[in-house]
Protein chains: 2
Amino acid sequence: MMVKKAIVLSSGGIDSTTTMAIARSEGFEIYSLSFNYGQRHSYELKKASEVAIFFNAKEHLIIDIDLRKIGGSALTSDIEVPKSEIQNPQSAIPITYVPARNTIFLSLALAWAEVLGVEDIFIGVNAIDYSGYPDCRPEYIKEFEKMANLATKAGVEGRSHMRIHIPLIHLTKGDIIKKGMELGVDYHLTSSCYNPDEDGNPCGLCDSCQLRLKGFNEAGLSDPLVYKYQ
Amino acid sequence: MMVKKAIVLSSGGIDSTTTMAIARSEGFEIYSLSFNYGQRHSYELKKASEVAIFFNAKEHLIIDIDLRKIGGSALTSDIEVPKSEIQNPQSAIPITYVPARNTIFLSLALAWAEVLGVEDIFIGVNAIDYSGYPDCRPEYIKEFEKMANLATKAGVEGRSHMRIHIPLIHLTKGDIIKKGMELGVDYHLTSSCYNPDEDGNPCGLCDSCQLRLKGFNEAGLSDPLVYKYQ
C-alpha cells in the first residue's frame, strides 16, 4: 500500500502539534515544516524539532526567511509584545499579527509539496480563538487552496488536487487540547509564549500564554509548563 | 496630491525591468523587491540594484530565502542548466522551473505591501514566451489576487483592493523589448543568463539567453550585452 504523506506546518505550539497528531491519526506520514523568520520566540524551533521526533516525522525542514526586513509586527520588530488581556477578535487585529505570514508559510509548503509529490498540507489555523488574524479565516484558506491548484506543474496539466487541511478551524482552545490529549500529545513538548525567557520558560502574560492557559482551564486540565508569572 | 506607490518584483532581467518602466510611466513611485533565493545566477541581484537606482526607486529590498533547501529546480540545485533549444511551452515544463516561486515571491510582496500601505504590485510574468512555467499564467495570477484580498487586515475589514499588475502578459519578448526601448530602458543594466561567468557575462546558450536573443532579433535591435558564446 502507498504511504500517504502530508506536510504539517509546525511552530511547536499547541495548535500545530495537535494538528500533527490529527494528521498522524489519519494515517499520514509526516513532513514537518517550520520557519526561522526572525521571530522573537525562536525557542519554538527547538520545540518543533522535539515535536517532529515525537511524531516520528520522516523529515523536519526549517526554512530561514527573514521577515524582520518587512517588519510590521511585534513578533518580528521592536514593537513591544503587549502584556495585556486577550483582544477581542471581533474588534481589532493585534499587533502580534505578522503581515501575510500564513500566505508566505503556505506558499513555501506548496513548493515543498510539489517537490515531494505531496498533495496534503495541514495547518493549525483556528477561527474561534484565533487572535483575530485575517489569514486564519476559513474563507481565506479556501481561496489559497484554489490558487494553489493553479500554481504548480500539476495545475497546468489539470491533475492538481492540493488540499489544505484545517482540522482545528471550528474548535475552541479547550477542545483542541482535549482532542490532543485523546491522541496522546505530550504538551510538555510545546511552547506558545511570544516572549519566553532564556531557558524557554513562558511569561504567562502575553496574549498567547493567556490563550493557552484559558484553553487548559476550559479543558479542565493543567498545563504541564511552569510559568514565570501566573 | 498623494503619490501612488507600487511594489515591483525585480530580478534585474528584461521582463521585470520593462515592467518597472511601465509602472514608472503610469506615475507610480517604485518600491523594488528582489530575492536572494539561492539562485545560481545571483549576479542578477547586482543588476537589480542598478535597475532600482536607474528608476529612482524609493527603496530596494532584497529578501533572503533559501529555496535550495526545497530544491526541485536546476536554478537552485545541482541539476545542470540545459544548454539547449528553447523548450516548447505547450509540451513540457523546463527543469529551470522553481516550484511555486512566483507564489512565494508574490506572498512576500503582499506582506511588504501591507506594511507600506501599498495596493499595487507589478510582476513581469508573460504568457507568450514564458518558458512554460505554471505560475506565469493569467488564470493563476487572477486567483492569487483573489486570495490576496482575503489575506490581510484590509481583507478582514472588507476594504482590500490589492491589484496584481501583469502588463507584459500578452506581449512577445520582441514586443517587451520594443516597449522598454520606447520608455527609455537601458538594457545594458539587465541580466538574463541562468549561468553567467564570474564577471557576469552571459553564456548565450541557456534557455534564458536564447529567449533574450530571440527577443532582440524580433524587435530588430541588438542586445547591448556581450556574450561568451554566440
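Above: the structure in question.
Every chain is numbered independently, its residues counted from 1 as its sequence is written. Chains and ligands are labelled by the order in which they are written, letters from A for the one and numbers from 1 for the other. In keeping with the model being predicted, local features are shown solely for residues with a pLDDT of at least 70 and side-chain atom pairs are shown and tallied solely at 80 or more, while totals for entire chains, interfaces and linings include all residues.

(A) Just the overall build of chain A, in detail. The helix count covers DSSP runs of H or I at least four residues long, the strand count covers runs of E at least two residues long, and both are numbered beginning at the N terminus. Each helix and strand in chain A was counted, giving seven helices and five strands. Put simply, chain A runs from its N terminus to its C terminus through helices and strands in the order β-α-β-α-β-α-β-α-α-β-α-α. Exposure in this text rests on C-beta crowding, where 20 or more other C-beta atoms within 10 Å of a residue's own make it buried, 12 or fewer make it exposed, and counts in between make it partly exposed. The C-beta atoms are placed from the backbone. Among the 230 residues that make up chain A, the fraction classed as buried is 52%. Think of it this way: build a C-beta for each residue from its backbone, and any pair within 7 Å is a contact. For chain A, the share of sequence-separated contacts (at least 6 apart) that also reach a separation of at least 24 residues comes to 71%.

(B) Representation of the interface of chain B and chain A within the structure. Facing 35 residues of chain B, the contacting portion of chain A comprises 35 residues. Those elements that provide at least two residues to the side of chain B that touches chain A are β3 (59–64), α3 (101–116), α4 (138–151) and α5 (153–156) of chain B. For the side of chain B that touches chain A, the per-class residue count stands at 20 nonpolar, six polar and nine charged. Gly falls in the polar group here, along with every residue not listed as nonpolar (Ala, Val, Leu, Ile, Met, Phe, Trp, Tyr, Cys, Pro) or charged (Asp, Glu, Lys, Arg).

(C) Seen up close, helix α4 (residues 138–151) of chain A. Multiplying 1.5 Å by the residue count of a helix minus one yields the expected span of that helix. Between its terminal C-alpha atoms α4(A) stretches 20 Å, which fits the 20 Å expected from 14 residues at 1.5 Å a residue. Turning to α4(A), its buried residues number three or more, namely A:Y140, A:I141, A:E143, A:F144, A:M147, A:A148, A:N149, A:L150 and A:A151.

(D) Broad picture of the sheet that holds strand β3 (residues 59–64) of chain A. All names here are of chain A. Taking strand neighbours across the sheet as the criterion, the five strands line up as β3-β2-β1-β4-β5 in an open arrangement whose pairing is parallel. The outermost strands of the open sheet, each flanked by one partner alone, are β3 and β5 (163–165). Geometrically, the sheet is characterised by an average inter-axis angle of 25° between neighbouring strands, direction not taken into account. Relative to strand β2 (residues 28–36), strand β1 (residues 4–9) runs parallel, the two being bridged by six bridges. Residue pairing in the sheet places K4 in a bridge with F28 of β2. Pairs of strands are assigned from DSSP output, requiring at least two bridges between the strands. With axes taken as lines fitted to C-alpha atoms, and helix axes fitted only over the stretch in contact, angles between N-to-C directions fall between 0 and 180 degrees.

(E) The arrangement of the environment of A:I169 in detail. Residues and elements named next belong to chain A. In this structure, I169 sits in the loop between β5 and α6 (173–182). We classify I169 as partly exposed; it has 17 C-beta atoms within 10 Å. Remark: the alpha-carbon pair of I169 and F122, spanning 47 residues in sequence, is separated by 11 Å. If we ignore the near neighbours within four places in the chain, the residues touching I169 are V125, N126, A127 and P138.

(F) Structural context of helix α1 (residues 14–25) of chain A. All names here are of chain A. With twelve residues, α1 extends 16 Å between its outermost C-alpha atoms, agreeing within 8% with the 16 Å of an ideal straight helix rising 1.5 Å per residue. Among the twelve residues that make up α1, eleven are buried, leaving the element largely enclosed by the rest of the structure. Listing the buried residues of α1 in full gives I14, D15, S16, T17, T18, T19, M20, A21, I22, A23 and R24. At the exit of α1 stands G27, carrying a positive phi of roughly 90°.

(G) Layout of the relation of the copies chain B and chain A. We superpose the copies by least squares over the C-alpha atoms of residues that have a pLDDT of at least 70 in both of them. Once turned by 180° and shifted 0.0 Å along the axis, chain B lies on chain A with an RMSD of 0.0 Å. Those values place the two copies in the arrangement expected of a two-fold rotation axis. Scanning chain B for the C-alpha nearest the rotation axis identifies B:I65, at a separation of 2.5 Å. Interface overlap between copies: 100% of the residues of chain B at the interface are likewise at the interface in chain A, consistent with a symmetric, same-surface contact.

(H) View of the pairing of β2(A). Residue and element names in this part refer to chain A. Among the nine residues in β2, seven count as buried, and that is most of the element. Crossover handedness for the path β1 to α1 to β2: right-handed. Bridge count for β2 against β3 is six bridges, and the pairing is parallel. By the bridge assignment for β3, L33 is matched with L61. Looking down the strands as they point away from you, a crossover is right-handed if its path from the first strand over the helix to the second goes clockwise. Following the backbone out of β2, through helix α2 (residues 43–54) and into the adjacent parallel β3, one traces a crossover that is right-handed.

(I) Expanded view of the sheet that holds strand β5 (residues 163–165) of chain B. All names here are of chain B. Pairing within the open sheet is parallel, and its five strands lie in the order β3-β2-β1-β4-β5. Lying at the two open borders of the sheet, with one neighbouring strand each, are β3 and β5. For this sheet the average axis-to-axis angle between neighbouring strands, irrespective of direction, equals 25°. Where strand β1 (residues 4–9) lies against strand β4 (residues 120–122), two bridges are found, and the strand directions are parallel. Bridging from a neighbouring strand, I7 pairs with I121 of β4. Contacts between helix α2 (residues 43–54) and the sheet are confined to β2 (28–36) and β3, with β2 contributing the most and set at about 170° to the helix. Relative to the sheet, α3 contacts β1, β2, β3, β4 and β5, its axis offset from that of β1 by approximately 160°.

(J) Expanded view of the environment of B:S42. Looking at where B:S42 falls in the secondary structure, it is placed in the loop between β2 and α2. Along the backbone, B:S42 and B:G13 are 29 residues apart, and their C-alpha atoms lie at a distance of 12 Å.

(K) Structural view of the nonpolar core. Any set of buried Ala, Val, Leu, Ile, Met, Phe, Trp, Tyr and Cys residues joined through C-beta atoms within 7 Å is what this text calls a nonpolar core. Core analysis: the largest hydrophobic core is formed by 114 residues, its most contacted members being A:A109 and B:A109. Discounting residues that sit within four places of it in the chain, A:A109 has contacts with A:I7, A:L9, A:L33 and A:I121.

(L) Main features of the packing of α4(A) against α4(B). Contact pair α4(A) / α4(B): the axes reach a minimum separation of 9 Å and the direction vectors enclose 160°. When the interaxial angle is binned, α4(A) and α4(B) end up roughly antiparallel. Considering the relative orientation of α4(A) and α4(B), their crossing is left-handed. The residues of α4(B) that touch α4(A), namely those facing A:E139, A:Y140, A:E143, A:F144, A:K146, A:M147, A:L150 and A:A151, are B:E139, B:Y140, B:E143, B:F144, B:K146, B:M147, B:L150 and B:A151. Residues belonging to the contact of α4(A) with α4(B) are distributed by class as follows: ten nonpolar, no polar and six charged. For classification purposes, an angle smaller than 35 degrees is called roughly parallel, one larger than 145 roughly antiparallel, one from 65 to 115 roughly perpendicular, and anything else oblique. By definition, turning the near helix anticlockwise from the far helix through less than a right angle yields a left-handed crossing, and turning it clockwise yields a right-handed one.

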